[in-house]
Amino acid sequence: MLILTGLGNPGARYAGNRHNIGFMAVDEIARRWSFGPERSRFSGLAREGVIDAPSGPVKALILKPQTYYNESGQAVGAAMKFYKLQPSDVVVFYDEIDLAPGRFRMKTGGGAAGNNGVRSIAAHIGPDFRRARLGTGHPGHKDRVQGHVLSDFHKVEQGWVSELLRAVADAAPLLAAGEDEKYQAEVMRLAPAEKADPRKTGRDGD
């Protein structure tokens, strides 16, 4: 059993924000693998389904906390406790400003690097969960970060956003199998994005 958590803020006004690419990613996984209907559970919206991993089908719960981004740990902690899982059974998809737009990196454990959603989850379940980091670029100065993450993707960015989300979903069997390095490589193969300085590629919607 896996818990695939996307980070984001609830409500229509935030739906297109860079901060909500985690929600977008797990929604695309649910669509690609025909998960069941969304319902309210664990202070979030949850969907159950199965991903066909190379070693066989893997049950998964997709979870979108509805507590606002910075309190995401409440929902993740409740779901993990209910299913009697370990942090290694939890994958968190979220926006990463320190990666260039379209880049993708998997990581297990470590610090929060200023991400309050990640910090909240670590406070509830410990730091040793799996992190799927979706690059959104950096606006160039720390004072502009909040405006950047809470602004919508530009129309010119929609191409790489759609490609990345589709790749994250299509490669999900490797994630379900616990092959995080292979998953990362396959996502980047399906949706190539240039390595670049995230501070020179980020845009804040001005």
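Colleague: Which residues make up the overall build of the chain, and what values do they have?
Modeller: When helices and strands are tallied, the chain shows 8 helices and 7 strands. For 206 residues, the compact-globule formula gives about 17 Å, and the C-alpha radius of gyration of the chain, at 16 Å, lands near that figure. Principal-axis analysis of the C-alpha atoms gives the chain an extent of 45 × 35 × 30 Å. Counting all 206 residues of the chain, 56% fall into the buried class. Of all intrachain contacts in the chain linking residues separated by at least 6 positions in sequence, the fraction that spans at least 24 positions is 69%. A total accessible area of about 9,500 Å² is found for the chain, and carbon and sulfur atoms account for 48% of it. A distance of 2 Å separates the average location of the 28 positive side-chain charges in the chain from that of its 24 negative side-chain charges.

Colleague: Describe the nonpolar core, naming the residues involved and giving the relevant values.
Modeller: Leu-4, Ile-29, Ile-51, Phe-93, Phe-104, Val-168 and Tyr-183 are the most contacted members of the largest nonpolar core, which totals 38 residues. Non-local contacts of Leu-4, meaning those with residues more than four positions away in its chain, are made with Val-26, Ile-29, Ile-51, Ala-60, Leu-61, Ile-62, Leu-63, Val-91, Phe-93 and Leu-175. The next biggest cluster of nonpolar side chains, apart from the first, holds 20 residues, and it includes Phe-42, Val-76, Val-92 and Val-118.

Colleague: I'd love a proper account of the packing of helix α5 (residues 158-170) against helix α7 (residues 180-190), names of residues and values included.
Modeller: Packing of α5 against α7 leaves a shortest axis separation of 8 Å and a crossing angle of 140°. Considering the angle they form, α5 stands oblique to α7. Here α5 and α7 pass one another in a crossing that is right-handed. Taken together, the residues of α7 that come into contact with α5 (itself represented by Leu-164, Ala-167, Val-168 and Asp-170) are Tyr-183, Val-187 and Leu-190. Class assignment for the residues of the contact of α5 with α7 results in 6 nonpolar, no polar and 1 charged.

Colleague: Account for helix α1 (residues 21-32), naming residues and giving values.
Modeller: Over its 12 residues, α1 extends 16 Å from the first C-alpha to the last, a length consistent with the 16 Å expected when each residue adds 1.5 Å. Burial runs high along α1: 9 of the 12 residues are buried. For α1, the full list of buried residues reads Ile-21, Gly-22, Phe-23, Met-24, Ala-25, Val-26, Glu-28, Ile-29 and Ala-30. Those residues of α1 that are buried lie in contact with β1 (2-6), β3 (44-53), β4 (56-65), β5 (90-96), β7 (130-135) and α5.

Colleague: Please set out the sheet that holds β1 residue by residue, giving values where relevant.
Modeller: Ordered by their spatial adjacency, 7 strands build an open sheet running β2-β3-β4-β1-β5-β7-β6, and the pairing between neighbours is mixed. Here the strands that pair on one side only, and so sit at the sheet edges, are β2 (39-41) and β6 (104-108). Averaged over all pairs of adjacent strands, the angle between strand axes in this sheet comes to 30°, irrespective of strand direction. One ladder, built from 3 bridges, connects β2 with β3; its direction is antiparallel. The residue of β3 that forms the bridge with Ser-40 is Leu-45.

Colleague: Go over the packing of α1 against α5 with me, naming the residues and quoting the values.
Modeller: At a minimum axis separation of 8 Å, α1 and α5 run at an interaxial angle of 50°. It follows that α1 is oblique to α5 by the angle criterion. Where α1 crosses over α5, the two elements pack in a sense that is right-handed. Residues Ile-21, Met-24, Ala-25, Glu-28, Ile-29 and Arg-32 of α1 form the contact with α5, whose participating residues are Leu-165, Arg-166, Val-168, Ala-169 and Asp-170. For the contact of α1 with α5, a count of residues per class yields 7 nonpolar, no polar and 4 charged.

Colleague: Please give an account of the pattern of salt bridges that cites residues and values.
Modeller: This model, assessed by the stated rule, comprises 9 salt bridges. The shortest N-O distance in the salt bridge between Asp-27 and Lys-64 comes to 3.0 Å. Taken together, the positions of Asp-27 in helix α1 and Lys-64 in strand β4 put the pair 37 residues apart, joining distant regions of the chain. Using a relative accessible area of 29% as the deciding quantity, one classes Asp-27 as partly exposed. In this structure Lys-64 comes out as buried when scored by relative accessible area, which is 8%. Salt bridges sharing common partners tie together Asp-27, Glu-38 and Lys-64.

The rules behind the values
Residues numbered from 1 in each chain as written. Predicted model: local features only at pLDDT ≥ 70, side-chain atom pairs only at ≥ 80, totals over all residues. Heavy atoms only, no water. Helix = DSSP H or I, 4+ residues; strand = E, 2+ residues; numbered from the N terminus. Rg over C-alpha atoms; globule rule 2.2 N^0.38 Å. Buried < 20%, exposed > 50% of the residue type's maximum accessible area, 1.4 Å probe, protein only. Contact = heavy atoms within 4.5 Å. Areas by Shrake-Rupley, 256 points an atom, 1.4 Å probe, with all protein chains shown as cover. Lys, Arg positive; Asp, Glu negative; His and termini not counted. Charge placed at Lys NZ, Arg CZ, Asp CG, Glu CD. Core = buried A, V, L, I, M, F, W, Y, C linked by side-chain atoms within 4.5 Å. Axes fitted to C-alpha atoms, helices over the stretch in contact; angles between N-to-C directions. Parallel < 35°, antiparallel > 145°, perpendicular 65-115°, else oblique. Left-handed = near helix turned anticlockwise from the far one by under 90°. Nonpolar A, V, L, I, M, F, W, Y, C, P; charged D, E, K, R; others polar. Expected span 1.5 Å × (residues − 1). Pairing = 2+ DSSP bridges. Salt bridge = Lys/Arg side-chain N within 4 Å of Asp/Glu carboxyl O.

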